[in-house]
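If you want the building blocks of each chain, they are given just below.
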Amino acid sequence: MSAAGTQRRVQAPHVERHTIAVLVDNEAGVLARVIGLFSGRGYNIESLTVAEVDHAAHTSRVTIVTSGTPEVIEQIKAQLGRLVPVHRVVDWTLETPGIEREMALVKVAGTGEKRVEALRMADAFRARPVDTTHTSFVFEITGAPGKIDSFIDLMRPLGLVDVSRTGVAAISRGPESM
Amino acid sequence: MDRDGSALAGAKVAETGAVEMSGAEMVIRALQDHGVEHIFGYPGGAVLPIYDALFSADGLEHILVRHEQGAVHAAEGYARSTGKPGVVVVTSGPGATNAVTGLTDALMDSIPLVVITGQVATHLIGNDAFQECDTVGITRPCTKHNWLVKDIADLARVLHEAFQIASTGRPGPVVVDIPKDIQFKKGPYIGPDSVRHRTYRPKTDPELAQIVKAVDLMASAKRPVFYTGGGIINAGPEASELLRELVKLTDFPITSTLMGLGAFPASGRQWLGMLGMHGTFEANNAMHDADLIICLGARFDDRVTGRIDQFAPGAKKIHLDIDASQINKNVRIDLPIIADAAKALREILHFWKTQRRKVDQNALSEWWKTIEAWRARKCLEFRNSDAVIKPQYAIDRLYALTRDRDVYITTEVGQHQMWAAQRFKFEAPNRWMTSGGLGTMGYGLPAAVGVQVAHPDSLVIDIAGEASVQMTMQEMSTAVQYELPIKIFILNNRYMGMVRQWQQLLHGGRYSHSYSEALPDFVKLAEAYGCVGMCADTPSELDAKIMEMIAVRRPVLFDVRVDPKENCYPMMPSGAAHNEMILCDAEEEAATVSDEGKMLL
C-alpha cells in the first residue's frame with residue numbers, strides 16, 4: 001500500500017489449528033446440526049469424535065479439530081454456541097491447556113525382515129499387537145495425533161494395508177470439569 | 001394407550017396435572033395456550049387429524065392459502081406487524097418442501113414462526129412412503145431449531161419449547177414435524193408453565209461494564225452515527241421509544257438498515273434515511289467518515305457495508321446484538337454488547353442521565369454541518385415526466401395520499417422495494433414488511449394477506465413489481481375468500497427491473513431474459529379472481545386512481561405502468577465503498593464497476 005492512511009489490510013491469512021469440545025444434549029439429529037453448521041458455513045473439520053458421556057443425563061461430547069484464521073475460529077465457537085441443544089463450547093487450544101489423544105488400529109501385512117522390523121517399531125511406539133497371523137499384525141496405538149501420523153508413515157514401507165483412526169478425544173488438565 | 005384408556009380422554013391425571021388427549025388435540029390446545037388466534041395453512045393427508053381437531057376448536061381462525069409458501073410469508077407478515085409468532089400448519093412431503101423458502105426468509109430476517117408439518121406414520125419413516133420427505137433434515141439449516149416428534153409423551157413439551165425458542169432471544173422460525181400416528185395417539189398434555197428447556201437460555205441482560213464504556217465512547221465522540229436494524233423492531237415497541245429518547249438526548253445522526261425502518265421516525269430531524277447499497281448519500285457518507293458507529297440490532301450485512309476493507313475506516317464500533325455470533329462476523333468490533341436491545345438502551349439512557357453525560361457539542365455541530373452539506377445533494381431527486389409515470393413519482397404519490405391513514409406496507413423484491421424503502425416515510429415500527437436477507441420475490445402479496453388478517457381495519461398495501469407479484473399471485477384468491485381488502489400496487493416496468501439495471505451497469509446492456517414478455521392483463525386477472533382490477537398509464541390519472549384504490553373495501557390489483565428504463569439511485573455498486581456512490585445525475589460513472597465488484601452479488 002503506497003498511500004498513507006488507506007486501511008486495506010494486506011496479509012497472508014494466519015491459519016490456526018484448534019481443538020473444540022462441545023457438550024450437547026444427545027437428541028436425534030444433534031450431530032447433523034454440528035456437521036451441517038461446518039459444511040454450510042464452509043468451515044474445516046480435521047477430525048470429529050462423538051459419544052454419549054453421561055448416560056443418565058443423555059449428554060454427548062463432540063470433540064472437533066478444526067483450522068482457520070482466528071476470526072473464523074471465533075465464528076465457529078459462536079455459531080456452535082447458538083445451536084439450541086448445546087450446553088457448552090470450550091476451546092482447549094485457548095482456554096486451558098488440554099490433553100489430546102487418539103487411538104488407531106494399524107494393519108501391516110508381510111513376512112521376513114519387514115515383519116520383524118514392524119514389530120520392533122511398534123514396540124518403540126508402545127503400539128500393541130491385538131491380532132496376529134503368520135502374515136499380518138494389527139497394532140493398537142494411542143497418542144497425540146502427530147505420534148500416530150509418524151507411526152503410520154513408518155509402517156508404510158513395511159506393508160501397511162489398512163488404518164482406522166478414532167479422531168481426537170481431548171480433556172483439560174487439572175481438577176476442573178469442562 | 002389401550003382402547004379403554006382412551007375413554008379417559010379429558011380426565012385429569014391426578015399426580016402430574018396432565019390431561020389425556022390425542023396428539024392432534026394437543027396441537028390445538030398448545031396453540032390456544034400460547035394465545036394463537038390465526039393459523040395459516042393447507043391441509044393434506046398427513047395433517048388430517050390436526051385439521052379434524054381444528055374443525056371444532058374455539059378461538060382459532062384458519063386461513064386457507066393457495067400454496068404453502070404463501071402460508072409461511074403470510075405468517076411472517078402477521079408476525080412482523082404484531083410482534084407475535086406466526087403459526088403455520090402444512091402437510092408432509094410437498095407441503096413441507098414448499099414451506100422451505102418462507103422458512104429461510106424468516107431465518108434470515110429473524111421472524112418468529114411456529115411451523116407444524118405432518119409426517120408419514122412413524123413405522124413408514126425411511127420407507128419412501130407417499131408424500132414422505134426428510135422434513136427435519138431439509139429444514140435443519142433453515143430453522144432456528146426443529147423437532148421430529150416420535151413419542152406422544154414428548155409432544156406437549158416440544159410444542160411449548162417451539163414457541164419459546166421461536167419468540168425469545170433472536171427470534172426465528174421453528175418446525176415441529178409430527179407423524180400421523182402420533183397425531184392419533186393419546187397421551188398426557190402438560191401446560192406451557194411446566195416446561196423449562198434443558199439448554200436454551202438466551203442472554204438478554206447487558207453487562208454493566210460495557211454499558212459504561214459505551215456511554216464513555218458516545219460522550220467523547222466527535223462524528224458519531226447510530227446505525228440501527230431489525231433488532232430494534234424485534235425487541236418490541238419499547239425499544240423504538242427508548243431509541244427515540246436516546247437520539248433526542250444526544251442529537252446524534254441516525255441511519256437504519258432496510259429491516260429497521262420505522263424504529264426511528266423518518267420525519268425526525270436526526271434521520272439520515274436508509275444506508276447501504278441503495279441508501280442515501282448522507283447516510284453512507286456519515287458511516288464512512290464517522291469516528292463512532294453505534295450499531296443497534298443490525299448485522300453489518302454486505303448490502304450495508306459495501307467494500308468491507310474500506311468500511312468506516314476511522315470509526316470505533318459499538319455493536320449491540322442479542323446474538324453473540326454476529327459480533328466480529330463481518331467487521332471487527334471495539335465494544336460488543338450482547339443483550340436485548342430494549343434492556344441495553346434502557347441502561348444506556350439510565351447511565352447517560354444519572355451521570356449527567358454531555359456530548360461534545362462543538363464537534364457535533366461541525367459534524368452536522370458536514371452532514372447538511374451531504375443532505376443538500378438531495379440524492380433522492382429524480383427527473384420527473386409529464387408523459388410517463390416515473391416509479392419514484394408513483395411511490396411519492398402513494399405516500400402523500402396514504403400518510404395520514406393507518407397504513408402497513410409490504411413489498412416484493414427489486415427496484416420497487418428499494419424505491420419504497422427510500423421514499424415511503426415510516427414513522428412507527430412494525431409498519432414495514434419486506435424480505436431483506438433472503439430477498440424473496442413473491443413475499444409481499446402473501447405477507448399483505450397476513451398483515452391484513454392481523455389488522456382487518458387498516459390499509460395494507462403491497463408495493464410490488466410485475467415480475468415478483470406473479471410468483472405468488474395465487475394468494476389473491478385467499479384475499480378474496482377471507483374478504484381481506486389488500487391493495488397490490490404494481491410498479492409495472494415490464495422488466496425484472498433490478499436485473500435489468502445490473503445488466504445495464506455491469507453487463508454491457510445485454511438484457512438477457514429480464515424482459516417480462518407475455519404479461520397477463522392484470523385487470524382481467526384481478527377480475528377473474530374476484531378482485532378489483534385497475535390500471536394507470538399517465539401521471540395525471542394517478543392520484544384519482546390511488547384514491548379509488550383506497551376507497552374500495554375489496555382486494556385491489558392496481559397495474560401502474562411506469563417508465564421501463566428507470567434505474568434505482570443512489571447506488572453504491574458492489575465492490576465500492578460508502579463514499580463511492582453513483583447518483584442519479586451521473587449515470588455514466590456506472591460503467592466503472594471493478595471486475596472484483598462484478599463477482600460480488
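Residues numbered from 1 in each chain as written. Chains lettered and ligands numbered in written order. Predicted model: local features only at pLDDT ≥ 70, side-chain atom pairs only at ≥ 80, totals over all residues.

### Some remarks on the overall build of chain A
What counts here: For helices the rule is a DSSP run of H or I covering at least 4 residues; for strands it is a run of E covering at least 2, with both sets numbered from the N terminus onward. With the radius of gyration taken over C-alpha atoms, the globule rule is written as 2.2 Å times the number of residues to the power 0.38. For every residue, the other C-beta atoms within 10 Å of its own C-beta are counted; 20 or more classify it as buried, 12 or fewer as exposed, and values in between as partly exposed. C-beta atoms are placed from the backbone. By definition, residue pairs are in contact when their C-beta atoms, positioned from the backbone, come within 7 Å.
Helix and strand counts for chain A come out as 4 helices and 9 strands. Sequence-ordered secondary structure for chain A, helices as α and strands as β, is β-α-β-β-α-β-β-α-β-β-α-β-β. A globule of 178 residues ought to have a C-alpha radius of gyration of about 16 Å, yet chain A, at 21 Å, is considerably larger. Overall, the C-alpha framework of chain A stretches about 70 × 60 × 35 Å when taken along its three principal axes. Taken across its 178 residues, chain A has 23% of its residues classed as buried. Expressed as a percentage of contacts within chain A between residues at least 6 apart in sequence, the contacts between residues at least 24 apart total 72%.

### Notes on the interface of chain A and chain B
Threshold: Only Asp, Glu, Lys and Arg are considered charged in this grouping, and only Ala, Val, Leu, Ile, Met, Phe, Trp, Tyr, Cys and Pro are considered nonpolar; every other residue, Gly among them, is considered polar.
On the chain B side, the residues contacting the 21 residues of chain A number 17 residues. Of all the secondary-structure elements, those providing two or more residues to the side of chain A that touches chain B are helix H1 (30-40), helix H2 (70-81) and strand S4 (86-91) of chain A. Here the side of chain A that touches chain B gets 6 residues from one element, more than from any other, and that element is H2(A). Among the residues forming the side of chain A that touches chain B, the class breakdown is 6 nonpolar, 8 polar and 7 charged.

### Observations concerning the nonpolar core
Put simply, the rule is: To form a nonpolar core, buried Ala, Val, Leu, Ile, Met, Phe, Trp, Tyr and Cys residues must be joined through C-beta atoms within 7 Å.
Residues Val22(A) and Val88(B) are the most contacted members of the largest nonpolar core, which totals 202 residues. If we skip the residues at most four places from it in the chain, Val88(B) touches Phe40(B), Gly41(B), Ala71(B), Val72(B), Ala75(B), Ala99(B), Leu113(B), Val115(B) and Ile116(B).

### Brief notes about the sheet that holds strand S16 (residues 407-411) of chain B
Residue and element names in this part refer to chain B. Heads up, the condition is: What makes two strands pair is DSSP finding at least two bridges between them. Throughout, an axis means a line fitted to C-alpha atoms (over the contacting stretch in the case of helices), and angles, computed between N-to-C directions, take values from 0 to 180 degrees.
Here we have 6 strands laid out as an open sheet, ordered S17-S16-S18-S19-S21-S20, and parallel in their pairing. Two strands close off the open sheet at either side, each with one partner strand: strand S17 (432-433) and strand S20 (532-536). The sheet contact formed by strand S18 (residues 459-465) and strand S19 (residues 487-492) spans 5 bridges and is parallel. When the sheet's bridge partners are listed, Gly 465 is paired in S19 with Leu 491. Against the sheet, helix H17 (residues 391-402) makes contact with S16, S18, S19 and strand S21 (556-561), and its axis sits at roughly 155° relative to S19, the strand it touches most.

### Section: the sheet that holds strand S3 (residues 38-41) of chain B
Residue and element names in this part refer to chain B. What the 6 strands build is an open sheet, ordered S4-S3-S5-S6-S8-S7; its pairing is parallel. Either end of the sheet is taken by a strand with one partner, and the two such strands are strand S4 (61-64) and strand S7 (145-148). Adjacent strand axes in the sheet meet at a mean angle of 20°, parallel and antiparallel pairs treated alike. Bridge analysis of strand S6 (residues 113-119) against strand S8 (residues 173-179) gives 7 bridges, and the strand direction is parallel. Looking at the pairing, Leu 113 lines up with Pro 173 of S8.

### Observations regarding the environment of Arg332(B)
All names here are of chain B. Examined against the element boundaries, Arg 332 turns out to sit in the loop between strand S14 (316-321) and strand S15 (335-338). Assessed through the 10 C-beta atoms surrounding it within 10 Å, Arg 332 is described here as exposed. As a C-alpha pair, Arg 332 and Arg 403 span 71 residues in sequence and 40 Å in three-dimensional space.

### Brief notes about the confidence of the model for chain B
Residues and elements named next belong to chain B. Heads up, the condition is: Predictor confidence is given residue by residue as pLDDT, running from a minimum of 0 to a maximum of 100.
Across chain B, the average pLDDT comes to 94, with 95% of residues at or above 70. Low pLDDT (under 50) marks residues 1-14, which in the prediction has 17 contacts with non-local residues, meaning those over four places away or in another chain. Interface confidence for the predicted complex, given as ipTM, is 0.90, next to a pTM of 0.93.

### A short note on the confidence of the model for chain A
Residue and element names in this part refer to chain A. Mean pLDDT over chain A works out to 91, with 93% of the residues at or above the 70 mark. No element of chain A has a lower mean pLDDT than strand S9 (residues 169-172), at 92, and none a higher one than strand S8 (residues 160-165), at 98. Overall, residues 1-8 carries pLDDT values under 50, and its contacts beyond four positions in sequence, including any with other chains, amount to 7 contacts.

### Focus on the environment of Pro485(B)
Residues and elements named next belong to chain B. Mapped onto the fold, Pro 485 is located in the loop between helix H20 (476-481) and S19. Separated by 161 residues in sequence, Pro 485 and Ala 324 have C-alpha atoms that sit 41 Å apart. Non-local contacts of Pro 485, meaning those with residues more than four positions away in its chain, are made with Gln 452, Arg 553, Arg 554 and Pro 555.

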